[in-house]
Each structure stands twice: as structure tokens, then as C-alpha cells.
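Inside the fold
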Amino acid sequence: MPAQAYAGKECVCQYRKPVCDQTCVRDMLETPFYIACLKLTGRRCVVVGGGEVGLEKVEGLLACDADVTLIAPFAVQPLEQMAAEGSVRWERREYAGRQDLEGVFMVIAATDDTDVNIRIFDEAEERAMLVNVVDVPPLCNFILPAIVRSGPLAIAISTAGASPALAKRMKNEIAGLYGEDHARLAVILNEARGWAKATLPTYQDRKVFFEGIVNGDPDPIVLIGGDREPELFDLIEEAKREAEAALAA
């Protein structure tokens, strides 16, 4: 467990207090996080720790086409299988230090050894790398939100580390509201982006065009959900004609 979970434990965060008093965790709620979507395709990412938590992090990285290396002397069976099939590189040993971070874009520490986790954080920070020590917010320079995924659609839910359980509840609720129909609409609208960029001269013109479709009547989500996609394509073509006419006027 993280060191700060034990009353009276020595402080392990940036405050360096004689004993932990949870200050670091409280301050996380006041941290303004810059929300971004990272492109991990082909980037080297390291996960240290081969347990169930490590498995969860590896699966998340693989879902984003990252180049994943697992460092752990032992690993749960699904991770062993991933290594056997070549989905990840498994280095069957303990974390060795700075050399394990050379050329790495991101490292996630998922071990049950606080000293190792602190070492990983410190050595990653020296390199200005992305580093996340699971369940230890002060030893992270980024946090992992709960994600709802459907096709190209990705919705992130974060409580700034305050309550993963609440984030999970919100994830389940949001998944019920935004799913395959919204993902399909994103794909269809993406097909119109080439036309819009070639035809509409300004950002504002393109914004008006797409918002008119997304927020229009009939609702495109209703059309998709009702197996009425041809009507949606007709609607988009009509919007194109109107936009071209407005430019010519």
C-alpha cells in the first residue's frame, strides 16, 4: 500500500514532513490539471509491476497502440500471455534504475514497494518524463482518468485523484448516455472534414457548418439510432449546398 495510507508513516512526498499527515493528498484537490489526449502510437512506455494493477495499465497503453515494456520479476497470467504473443516486451527482473528510462516517453509504477515507486518518480522527474505512481497522487505528474471509449469517441472523467470510485460510477452513467450512435456520428462528420477544409475559408465558417448539423433538426443521433442514416447524409449534403450558397452571395 502507499506509504501515506499508514498513520505515522514517514512522509514520502514533496513536503518531506517527519510523518505523513495527508497534506499532499488534500492539496491534489486544489491542483488545476491540464487535460490533454496523448498520441501514444509507437511511443515507448514502461510499466513497472506485473500484478493486476500493472495488467490494467498495460491494457490501457496497448489500447492506444503504445510500444510497451513490462519490468517485473513475476507477472499475472494475462501479462505472461501478452509477452508470449509479442504484444509486450517483458523484462523479468526488478527495476534497475535510470537506464530503464532511457528513450522512454512514459513510465507507470504499479509496484507494492514504496521505495521503488519513489525512486521511479524521482528518476523520471529528472528527465522531465511523464510518470504515474499508481494510487500515490503526489508521486505523479499526470493522473489517469476513467475513460469511456466507443470507436473514436473517448470521454475522460477525473476527480483529481480524490475518489476513483466516484469516477467509476460516473463512467458507467456516461457510457449509458454516449455510445455507439455518437461514435458513428463522429465518423460520419469526419468524412465531411476534407470538404469543409477545402471549401470553407475560415474556422468560424467551419464551426457554423458542423454545429448546424450536430445541433440541427432532425437530431442526427436520432437518425442514426433509428436506422435513418441516408437522411443524415442528405442533411449533410443540404448543409454543404447552403454553405456554398452563402459563400457565393
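These notes cover the structure that comes with them. (Residues numbered from 1 in each chain as written. Predicted model: local features only at pLDDT ≥ 70, side-chain atom pairs only at ≥ 80, totals over all residues. Heavy atoms only, no water.)

This paragraph deals with the layout of surface pockets. The space that makes up the largest pocket amounts to roughly 1,800 Å³. Forming the boundary of the largest pocket are 48 residues, of which I143, L144, P145, A146 and I147 lie nearest the centre. Counting residues per element, the ones that place at least two in the lining of the second largest pocket are helix 8 (203–214) and helix 10 (229–248). Ranked by residues supplied to the lining of the second largest pocket, first place goes to helix 10 with seven residues. Grouping the constituent residues of the lining of the second largest pocket by class yields nine nonpolar, two polar and four charged. (1 Å grid on protein atoms, 1.4 Å probe; cavity = no way out; pocket = protein on both sides within 12 Å on 5 of 7 lines; lining within 4 Å. Points joined across faces, edges and corners; volume = space filled by probe spheres on them. Helix = DSSP H or I, 4+ residues; strand = E, 2+ residues; numbered from the N terminus. Nonpolar A, V, L, I, M, F, W, Y, C, P; charged D, E, K, R; others polar.)

Summarising the element assignment, V131 is placed in strand 5 (residues 130–133). What makes V131 buried here is its relative accessible area of 0%. For the pair formed by V131 and A109, sequence separation is 22 residues and the distance between their alpha carbons is 7.8 Å. The residues contacting V131, other than those within four sequence positions of it, are V107, I120, F121, A124, E125, L139, C140, N141 and F142. (Buried < 20%, exposed > 50% of the residue type's maximum accessible area, 1.4 Å probe, protein only. Contact = heavy atoms within 4.5 Å.)

As a further point, take the packing of helix 6 (residues 180–191) against helix 10. Where helix 6 meets helix 10, the axes come as close as 11 Å, and the angle between the chain directions of the two elements is 35°. Considering how the two elements wind past one another, helix 6 and helix 10 form a crossing that is right-handed. Judged by residue contacts, R184, L185, I188, L189 and E191 of helix 6 engage E229, L232, F233 and I236 from helix 10. (Axes fitted to C-alpha atoms, helices over the stretch in contact; angles between N-to-C directions. Left-handed = near helix turned anticlockwise from the far one by under 90°.)

For the rest of this paragraph, the subject is the pairing of strand 5. Direction of pairing for strand 4 (residues 106–109) relative to strand 5: parallel, over a ladder of four bridges. Looking at strand 5, one finds that V107 is bridged to V131. Between the parallel elements strand 4 and strand 5, the chain passes through helix 4 (residues 114–126) in a crossover that is right-handed. (Pairing = 2+ DSSP bridges. Right-handed = clockwise from strand over helix to strand, strands pointing away.)

Another point: the sheet that holds strand 4. The strand order 3-2-1-4-5 describes an open sheet built from five strands, whose pairing is parallel. Here the strands that pair on one side only, and so sit at the sheet edges, are strand 3 (89–91) and strand 5. Taken pair by pair, the neighbouring strands of this sheet meet at an average axis angle of 15°, ignoring direction. Both strand 2 (residues 67–71) and strand 3 contribute to a ladder of three bridges, which runs parallel. Residue pairing for strand 3: L70 is matched across the bridge by W90.

With that settled, consider the packing of helix 8 against helix 10. Running from N to C, helix 8 and helix 10 point in directions that differ by 150°, and their axes come no closer than 10 Å. If you check the angle between helix 8 and helix 10, you find them roughly antiparallel. Seen from above, helix 8 lies across helix 10 with right-handed handedness. Here D205, F209 and I213 of helix 8 lie close against helix 10, whose contacting residues are L235, I236, A239, K240, A243 and L247. When grouped by side-chain class, the residues that make up the contact of helix 8 with helix 10 number seven nonpolar, no polar and two charged. (Parallel < 35°, antiparallel > 145°, perpendicular 65-115°, else oblique.)

In this section: helix 4. What sets the pattern is the α-helix's 3.6 residues per turn: residues three or four places apart point alike. Between its first and last C-alpha, helix 4 extends 18 Å over 13 residues, near the 18 Å set by a 1.5 Å rise per residue. Regarding helix 4, the residues found buried are T114, N117, I118, I120, F121, E123 and A124. Looking at the buried side of helix 4, the elements it contacts are strand 1 (44–48), strand 4 and strand 5. Looking at where helix 4 begins, the residue whose side-chain oxygen comes 3.0 Å from the main-chain nitrogen of D115 is D113. (Expected span 1.5 Å × (residues − 1). Polar contact = N/O pair within 3.5 Å; in protein donor to acceptor, adjacent residues only side chain to side chain.)

Function-wise, these values are silent; they only describe arrangement.
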